[in-house]
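What follows is the residue order along each chain.
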Amino acid sequence: MKLHDKIWLLKKDVGIDAEEISKKLGISVTASKLLINRGIKTFEKAERFLNPRLEDLYNPFILENMDKAVLRVKEALESEDEIWIYGKYDVDGIMSISMLLFYFKSLGINANYYIPSDIFGEKHEINSKIINHIYSKKGSLIIGIDCTVQVEEINYAKSLGIDIILLDCDYEDNLPEDAIIINTKTNYCNYKYDTLSSAGTTFKLINALDLSENSKHTYNNYLDMVALGTIADKVLIIGENRILVKHGLQILFKTDKFGLRALLNICKSEDEEITVKKLIFILEQKLSKNILTDEIFLLINLLLSDDYNKAYKQVEKLYSNIERFELEKYNIKKCIDIDLELSVKEVNFELIEEIEKFKPFGPGNPKPIFLYRNLIVENFVFTGDNFKLIVQDESRIFDCIGHNLKKFIDKLNKKEKVDIVFYLEKKRFKGVETIQFNLHDLRRYDLSEYKNREILNQFYTSLSNIVYDIKFYIDKNQLGRIFDYRNIKNRHYLIDKKLSKGSNLILVNTFNALLELLFYLSDIGRYDIDDLLSFNFANDNLSNNIVVNPILNKIDLKKFENVIIYDIPLNRERFEYILCCGKNIYLLYNQFDIASTKKMLYNLIPDRSDLVKVYKCLKKVLGKSSELLFNDIHKETQLNLSKVKLCMDILERAGLIKIYECNNKVNLEILPPPSEKIDIESTDLYKRAYDLKEKFEKYKNIAFANNVLKT
């Protein structure tokens, strides 16, 4: 059953005690739950995640063949051999090449590099053509980064006196035993972390070279480029990658590399995360297919620049030639993964500060997305693609901002109820900080949102049947056990606990409450809603039932272990009947149900003008007899299906029409006008319908008395 354009999927509570982690770390229970949702389930892992230290990086010499690679590079340096770096023209590759060039430059060595060009049909592979070119330039060592290589090429290079070190490369399994391959993803590599980017693997080589010389300068000199390469490569930002990116971004915004500083200034934004995305976007656009070798050369020179003014002018030129940057705030996808549902008490600045410690975000560690239900719309405005919304819960007001939500233009109404999914952030305006919800999606409860969905037709079709519910025999000596949860804030939580065990009958009367319940069950993704849901009657073959607009005298309440009154019953008789016929009765209704029920009864019970409208429509459109769908009358009169059906039944009881119903189709005959004037309002069915409305008005306040049965 599709209730909304997108699926909202709330992560399952794995049952680990969040309070224990909360106390040990001195963080909120909400932040502890976020950690657990990310698979961080112990104090030790949580401590390492929230406080990633460079000291926790693994020793690079654990990597298979790292000792061989270091030895061969040192030999080349001592012999003043020509060193060539062969890489890829993506951001990860450019950062890897630049890091090695920086490293060799710091040693007074001018290494060379080669990057293949798509324009000339070159692939990312070390082939005989490349080897011959490097041989002609007196090269004796190739460091290949994120490329492919065949065994024949390695043997050919060796025959020319050229050794090859492969970093994060694809290769054949039958390479020579003495081949120097450093790749965390290989089966034979016992390294503890296998998702390093090319920049991360290159950094490990430089780190190992530094350690072999007892040097400590690696981190500050290269982590900024490692961070950019790792983010651009879209590898998981967990484990070592998290440490490298976390510290790399801190260094990036203080970098002394003129090229990076110029790029940062061009891309400057109040949000550092947006600045980084823009910077990477510019480089990715420039490094797209069909780039010329000369352009790559200019880009490398920019990153290695030792003159800020020249670097800035080069970046300006680069930026002006690139399409306007449009940052996608949200992933437009059919399913939204939600970390946690928040309550009003959990939304505070402390939580935002704790979320800051979860950065950097990326694959494997996405921004935490929250769900907030039953907010009241106070105001809203659309400005271009931007959507500003003000919502309220209890006494608190929250500002929301959204993008790509144009579908809600001309739909929202003030004071209507909505659910939202969002990222929690701070907003600063004129020196004042406030909490802001950065919206991913919004979900409405207003009936107009569902007028073309089958569930609303089913609801209205079943609604008119409750008028025919007969009087109930109530034996107050058979009172069941009552569990009073009236007016609890999040009544839907109890439903999941009950559905997971025993047999349960959930009774729902209003469309608003039905949506609230179905939204929740859909969000947690553990139940087949189509199986659970029925209208008017229970499914005797199922242990769990959600019955909408129940015909109570047709349901065996004693069959179920628990009967859950989800929203307020329509009158005292129905209420007392449930209490006396059920075993365990859970009262979940609240004061907000009153308005929903009054609206539902208004939508159901016709007045005289409605009856006239339906009768005239039938006479005008159908003549004396015809076959039609209820929907046809509904469209013509703009009355909902339940009111149309009830109007036609009342008109039949009054002797004005004759209805023959079969398979939701109606054979209708308009009877001759009676000789005497008919008082439709005195007919039994009309009075019974109005009696339903009057009884609810008397009962609505009694339903919240302390002793609900004796009042």
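Given the structure is predicted, the values throughout are model-derived calculations rather than measurements. (Residues numbered from 1 in each chain as written. Predicted model: local features only at pLDDT ≥ 70, side-chain atom pairs only at ≥ 80, totals over all residues. Heavy atoms only, no water.)

## Things to note about the overall build of the protein chain
Just so we agree on the cut-off: Numbered from the N terminus, helices here are DSSP runs of H or I no shorter than four residues, and strands are runs of E no shorter than two. C-alpha atoms define the radius of gyration, and 2.2 Å times the number of residues to the power 0.38 defines the globule rule. Per-residue accessibility, obtained with a 1.4 Å probe over protein chains only, is compared with the maximum for each type, and a residue is labelled buried under 20%, exposed over 50%, and partly exposed between these values. Here the open area of atoms and residues is found with the Shrake-Rupley method and a 1.4 Å probe, where only the protein chains shown may cover a residue. Positive charges come from Lys and Arg, negative ones from Asp and Glu, while His and the chain ends are left out of the count. Charge positions are represented by NZ for Lys, CZ for Arg, CG for Asp and CD for Glu.
Helix and strand content of the protein chain: 25 helices and 25 strands. Relative to its length of 711 residues, the protein chain is extended, with a C-alpha radius of gyration of 35 Å against a globular reference of 27 Å. Each of the 711 residues in the protein chain was classed as buried or not, and the buried ones make up 52%. A total accessible area of about 33,900 Å² is found for the protein chain, and carbon and sulfur atoms account for 48% of it. Mean positive and mean negative side-chain charge positions of the protein chain (103 and 105 charges, respectively) differ by 7 Å.

## Here's the deal with the layout of surface pockets
For clarity, the threshold we go by: Computed over the protein atoms alone on a 1 Å grid, cavities are sets of points where a 1.4 Å probe fits but cannot get out and pockets are open sets with protein on both sides within 12 Å along at least five of seven lines; a residue lines them when it has an atom within 4 Å of a point. Grid points are joined across faces, edges and corners, and a volume is the space filled by probe spheres set on the points. Side-chain classes are defined by residue name, with Ala, Val, Leu, Ile, Met, Phe, Trp, Tyr, Cys and Pro counting as nonpolar, Asp, Glu, Lys and Arg as charged, and the others, Gly among them, as polar.
Computed from the structure, the second largest pocket encloses a volume of approximately 920 Å³. Taken together, 33 residues make up the lining of the second largest pocket; nearest its centre are Ile376, Lys417, Asn512, Phe592 and Ser596. Those elements giving two or more residues to the lining of the second largest pocket turn out to be strand 12 (370–383), strand 13 (386–393), helix 16 (454–463), helix 18 (511–524) and helix 21 (592–604). For the lining of the second largest pocket, the element with the most residues is helix 21, which contributes seven residues. For the lining of the second largest pocket, a count of residues per class yields eleven nonpolar, ten polar and twelve charged.

## Re the pairing of strand 5 (residues 139–145)
What counts, and what does not: Only strands that DSSP links by at least two bridges are regarded as paired with each other.
With respect to burial, strand 5 is a largely interior element, seven of its seven residues being buried. Two elements, strand 5 and strand 7 (residues 163–167), share five bridges in a ladder whose sense is parallel. Bridge pairing in strand 7 links Ile143 to Ile165.

## Considering the packing of aromatic side chains
Heads up, the condition is: Two aromatic rings, drawn from Phe, Tyr or Trp (for Trp, its six-membered ring), form a pair once their centres lie within 6.5 Å of each other, and the interplanar angle then sorts them: stacked below 30 degrees, edge-to-face above 60, tilted otherwise. Should the NZ of a Lys or the CZ of an Arg lie within 6 Å of a ring centre and within 35 degrees of the ring normal, that charge is described as sitting over the ring.
Taken as a whole and assessed by the stated rule, the structure comprises 24 aromatic pairs. Ring plane angle 65° and centroid distance 5.4 Å describe the contact between Phe459 and Phe511, whose orientation is recorded as edge-to-face. In this pair, Phe459 sits in helix 16 while Phe511 sits in helix 18, placing the two residues 52 residues apart along the sequence. Here the two residues Phe459 and Phe511 agree in accessibility, since each one is buried. Clustering of aromatic rings is evident, with ring pairs tying together Phe370, Tyr372, Phe398, Phe422 and Phe437. It is Arg491 that lies over the ring of Tyr566; its NZ or CZ is 4.5 Å from the centre.

## Looking at the packing of helix 5 (residues 91–106) against helix 8 (residues 198–212)
Counted only if it meets this: Angles here are taken between N-to-C directions and fall from 0 to 180 degrees, while the axes themselves are lines fitted to C-alpha atoms, restricted in helices to the stretch in contact. These descriptions rest on fixed angle ranges, namely under 35 degrees for roughly parallel, over 145 for roughly antiparallel, 65 to 115 for roughly perpendicular, and the rest for oblique. Note on convention: near helix rotated counterclockwise from far helix by under a right angle means a left-handed crossing. Clockwise means right-handed. Any pair of residues with heavy atoms lying within 4.5 Å of one another is described as a contacting pair.
One can describe the packing of helix 5 onto helix 8 by two numbers: an axis separation of 8 Å at closest approach and a directional angle of 15°. The angle between the axes of helix 5 and helix 8 places the two elements in the roughly parallel class. Regarding helix 5 and helix 8, the two cross each other, and that crossing is right-handed. On helix 8, the residues touching Asp92, Ser96, Met99, Leu100 and Tyr103 of helix 5 are Ser198, Ala199, Thr202, Phe203, Leu205, Ile206, Leu209 and Asp210. Its residues assigned to classes, the contact of helix 5 with helix 8 comprises eight nonpolar, three polar and two charged.

## Observations concerning the pattern of salt bridges
Opposite charge on two side chains lets them pair, provided their charged atoms get close. What counts, and what does not: Basic side-chain nitrogens of Lys or Arg form a salt bridge, by our definition, when they fall within 4 Å of a carboxyl oxygen of Asp or Glu.
In total, this model carries 42 salt bridges according to the counting rule given. Across the salt bridge formed by Lys359 and Glu356, the nearest N and O atoms sit 3.1 Å from each other. Residue Lys359 is classed as partly exposed on the basis of its relative accessible area of 24%. By relative accessible area, which is 36% here, Glu356 ends up partly exposed.

## Describing the environment of Leu542
For Leu542, the position within the fold is in the loop between strand 19 (533–535) and strand 20 (544–548). It is 54 Å that separates the C-alpha atoms of Leu542 and Lys278, two residues lying 264 residues apart in sequence. In this view, Leu542 contacts Asp531, Lys559 and Phe560; residues no more than four positions away in its chain are not counted.

## Some thoughts on the sheet that holds strand 9 (residues 180–182)
Across a sheet, strands are paired by hydrogen bonds formed along the backbone, either parallel or antiparallel in direction. If you trace the five strands from one edge of the open sheet to the other, you get 3-2-5-7-9, paired in parallel fashion. Strand pairing shows two members of the sheet lacking a second neighbour, strand 3 (112–114) and strand 9, which therefore form its edges. Pairwise comparison of adjacent strand axes, ignoring direction, gives a mean angle of 20° for this sheet.

## Brief notes about helix 25 (residues 684–699)
Filter applied, for reference: Residue count minus one, scaled by 1.5 Å, sets the expected span of a helix.
With 16 residues, helix 25 extends 22 Å from end C-alpha to end C-alpha; this agrees with the ideal 22 Å at 1.5 Å per step. Listing the buried residues of helix 25 in full gives Leu685, Tyr686, Ala689, Leu692, Phe696 and Tyr699.

## Looking at the side chain of His247
For clarity, the cut-off: Whenever a nitrogen or oxygen atom comes within 3.5 Å of another N or O atom, the pair is scored as a polar contact, on the condition that within protein one atom can donate a hydrogen and the other can accept it, and that pairs from neighbouring residues in sequence are kept only if both atoms are in side chains.
Within the secondary structure, His247 sits in helix 10 (residues 239–252). Reaching out from His247, the side chain makes a polar contact with the backbone oxygen of Pro52 at a distance of 2.7 Å. Residues contacting His247, with those up to four places away along its chain left out, are Pro52, Arg53, Leu54 and Leu223.

## Here we look at the pairing of strand 20
Burial within strand 20 is extensive, with five of its five residues counted as buried. Every second residue of strand 20 is oriented toward a common face, with Asn544, Ile546 and Val548 on one face and Asn545 and Val547 on the other, all of them buried. Looking at chain direction, strand 18 (residues 504–508) and strand 20 are connected through five bridges and run parallel. Looking at the pairing, Leu505 lines up with Asn545 of strand 20. Note that strand 19 and strand 20 share three bridges and pair parallel. Pairing of Leu533 across the sheet is with Ile546, part of strand 20.

The values are spatial; any link to function lies outside them.
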